[in-house]
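Letter by letter, the chains look like this.
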Amino acid sequence: MAGHSKWSQIKHAKAITDHRRGKMFTKLAREVIVAAREGGGDPDANFRLRMAIQRAKDANMPNDNIDRAIKRGTGESDDGVQMIEMTYEGYGPGGVAIMLETLTDNRNRTVSDVRTTLTRAGGNLAESGAVSWQFDKRGVITVEASEEEAEEFTLVAIDAGADDFDADSDTLQVFSEPSTLEDVRSALESNDATISSSEVSLIPSNTVPLDNRSAGQILRLLDQLEDLDDVQKVYSNADFPDEALESYQSA
């Protein structure tokens, strides 16, 4: 899982610094809108909204943007657009499994964009259930930590309910059940951990190891899928070589 995990870490780092900041804010706002629409505008009583707000804050989204999104979701400032949640499953080159979470006001447009992007890259759209069985829903927290700090934070996280970890130089990823995600994050913050992201994510139960050439193809495909306006999150079971990830990070 290390290659997949490192890709997730790099993706978070790139997302905050690259030219797609505006698009990222739009997608984060959509998450807040839908969460508030479904469960109300009180974060204390709406777990999904709390998570959406936390993701937005982790990405340095301005509080005004978050407040406006909550009001749109609760109808205080409604634009009349109804967003529909859709999940798509597919395969990339080499049989890599891909999961897509989308929010859209036009299903036909979204499925067409997803299918076209996959097909052009040598992949294909799959039937519902074809690849989802290969993923587990998990709480994931990314912490900035030295090797020494990682050992300390690991113990703190275990006490709070975390059950798996992946450390890499200056980053620690902490995994838990979705239900204990908030408790683990709170415990880490209480011990002065610097958290760059926390979310409920889909983690592959098994991964597909790739060579550098195939890894480059898949990384470009995942980027293209993430760039689609209606796509909120992209997951895969690809295991990327360190060399391919380093090249991707520096691009």
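Residues numbered from 1 in each chain as written. Predicted model: local features only at pLDDT ≥ 70, side-chain atom pairs only at ≥ 80, totals over all residues. Heavy atoms only, no water.

Draft legend 1. Molecular detail of the side chain of T104. Looking at the element boundaries, T104 is found in strand β2 (residues 97-104). When its relative accessible area of 0% is taken as the criterion, T104 is described as buried. Among the polar contacts listed, one links the side chain of T104 to the side chain of R109, at a separation of 3.4 Å. One polar contact links T104 to D230, side chain to side chain, over a distance of 3.5 Å. Ignoring sequence-local partners within four residues, the contact set of T104 consists of Q82, M83, I84, M86, R109, T110 and D230. (Helix = DSSP H or I, 4+ residues; strand = E, 2+ residues; numbered from the N terminus. Buried < 20%, exposed > 50% of the residue type's maximum accessible area, 1.4 Å probe, protein only. Polar contact = N/O pair within 3.5 Å; in protein donor to acceptor, adjacent residues only side chain to side chain. Contact = heavy atoms within 4.5 Å.)

Draft legend 2. Up close: the sheet that holds strand β4 (residues 135-144). Spatial strand order, β5-β6-β4-β7: four strands in an open sheet with antiparallel pairing. This sheet does not close on itself; its edge strands, each paired only once, are β5 (164-168) and β7 (194-204). Sheet twist, expressed as the mean angle between neighbouring strand axes with direction ignored, is 20°. Both β5 and strand β6 (residues 171-176) contribute to a ladder of five bridges, which runs antiparallel. If you follow D168 over to β6, its bridge partner there is T171. Across the sheet, helix α6 (residues 147-160) lies against β4, β5 and β6, angled at about 10° from β6, the strand it touches most. (Pairing = 2+ DSSP bridges. Axes fitted to C-alpha atoms, helices over the stretch in contact; angles between N-to-C directions.)

Draft legend 3. Quick peek at the environment of G94. By the element assignment, G94 lies in the loop between β1 (84-91) and β2. Owing to a relative accessible area of 73%, G94 belongs among the exposed residues under this scheme. Linking G94 and G123, residues 29 residues apart in sequence, is a C-alpha distance of 8.3 Å.

Draft legend 4. Main features of helix α3 (residues 47-58). Here α3 spans 16 Å end to end across 12 residues, near enough to the 16 Å set by a 1.5 Å rise per residue. Turning to α3, its buried residues are L49, M51, A52, I53, R55, A56 and D58. A distance of 3.2 Å separates the backbone nitrogen of R48 from a side-chain oxygen at the start of α3, and that oxygen is part of N46. N60 sits one or two residues past α3 and shows a positive phi near 65°. (Expected span 1.5 Å × (residues − 1).)

Draft legend 5. Quick peek at the pairing of β6. Among the six residues in β6, six count as buried, and that is most of the element. Burial along β6 is two-sided: the face carrying T171, Q173 and F175 and the face carrying L172, V174 and S176 are both buried. Relative to β6, β4 runs antiparallel, the two being bridged by six bridges. Note that in β6 the partner of I141 across the bridge is V174.

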